[in-house]
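# Summary of structural features
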Amino acid sequence: MTELDMFYHFIPDIAEMIVYQRERTQEQRIQWKKDCIEYAKSLSPFVCGFTRKTLMVIDNYLEKDGGAKMMKIDDIKIYPCFAAQEPKPEKMQEKEKYFEETGALQSQIILDGNGYLIDGFTSYLMAKERGIQIVPVRYGRRQIVRAGHKPGGKPYSWELPETLVDRVSVGDKAVVRTQKGVRTVVVTAVEEYAGNEPEPLRMVIRVKKADRI
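Computed from a predicted model, the values in this text were never measured in an experiment. (Residues numbered from 1 in each chain as written. Predicted model: local features only at pLDDT ≥ 70, side-chain atom pairs only at ≥ 80, totals over all residues. Heavy atoms only, no water.)

Under the defined criterion, the tally for this structure stands at six aromatic pairs. Centre to centre, the rings of Phe82 and Phe121 are 5.4 Å apart; their planes meet at 45°, and the pair counts as tilted. Residue Phe82 is located in helix α5 (residues 80-83), and its partner Phe121 is located in helix α7 (residues 121-130); the two are separated by 39 residues in the primary sequence. Classification of Phe82 as buried rests on a relative accessible area of 7%. Both rings, one in Tyr156 and one in Trp158, keep their centres 6.3 Å apart while their planes meet at 50°; by these two values the pair is tilted. One aromatic cluster is present, built from ring pairs that chain together Tyr79, Phe82, Tyr116, Phe121, Tyr124 and Tyr193. Positioned above the aromatic ring of Tyr193 is the side chain of Arg142, whose terminal nitrogen or guanidinium carbon lies 4.2 Å from the ring centre. (Phe/Tyr/Trp six-rings, centres within 6.5 Å; stacked < 30°, edge-to-face > 60°. Helix = DSSP H or I, 4+ residues; strand = E, 2+ residues; numbered from the N terminus. Buried < 20%, exposed > 50% of the residue type's maximum accessible area, 1.4 Å probe, protein only. Lys NZ or Arg CZ within 6 Å of the ring centre and 35° of its normal.)

Okay, here's the thing in structure tokens:
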């Protein structure tokens, strides 16, 4: 029996699992997935692989309210800045450990409106390494601000946290982290992320709105 045959055979059971998991907390879901994987490992590699993929399908349905959808991994576009940046080994080991325990990707794969990955690159790499053809993704946005430490000085870039997207304007003061500690800079530009910045970007801590006339 192939994985597809098994999936169709167990559709009623999978639907029942989805209904049951909707009533559980995130912590309970994670523990349930860990238990499923541990049990599947005791059976066979085939059952374990099938279980992991089934759990990803269940995750997708549970996350639909948050805008998640399933997508072929080969259809995801990668900005050069991600392709050129090798994740730290310890970070990938953490992702692998989580995947082994839960059968799920630890962080969401987030795409911009043009289908380019803007977050979740380690999850993308994990899925590619494991041969996972279909992955859950959601669409989002990233914005960066440009500012100098003094008027007319060299511009630097920082990323806005999601809570500040579309809420910052030129002239606002941003509190940011730099190599020399926390500094306050004046925003000279606000731009949509376009994959031109070296990853990872430092985050803006908070913003003080400029007085408007």
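That covers the picture; the talk isn't over yet.
With that settled, consider the side chain of Arg142. Structurally, Arg142 can be placed in the loop between β4 (134-139) and β5 (143-148). Other than its neighbours up to four places away in sequence, Arg142 contacts Phe82, Ile118, Glu159, Glu191, Glu192, Tyr193, Glu199 and Leu201. (Contact = heavy atoms within 4.5 Å.)

A few words on the side chain of Gln143. By secondary structure assignment, the location of Gln143 is in strand β5. For Gln143, a relative accessible area of 5% corresponds to the buried category. In terms of polar contacts, Gln143 uses its side chain to reach the side chain of Glu192, at 2.9 Å. (Polar contact = N/O pair within 3.5 Å; in protein donor to acceptor, adjacent residues only side chain to side chain.)

Structurally, the position occupied by Ser42 is in the loop between α3 (26-41) and α4 (45-62). For Ser42, a relative accessible area of 53% puts it in the exposed group.

Ordered by their spatial adjacency, four strands build an open sheet running β1-β4-β2-β3, and the pairing between neighbours is mixed. Strand pairing shows two members of the sheet lacking a second neighbour, β1 (69-72) and β3 (117-119), which therefore form its edges. Taken over all neighbouring pairs, the strand axes of this sheet differ in orientation by 55° on average, direction set aside. Strand direction decides the pairing type here: β1 and β4, joined by four bridges, are antiparallel. Within β4, the position partnered with Lys72 by the bridge is Ile134. (Pairing = 2+ DSSP bridges. Axes fitted to C-alpha atoms, helices over the stretch in contact; angles between N-to-C directions.)

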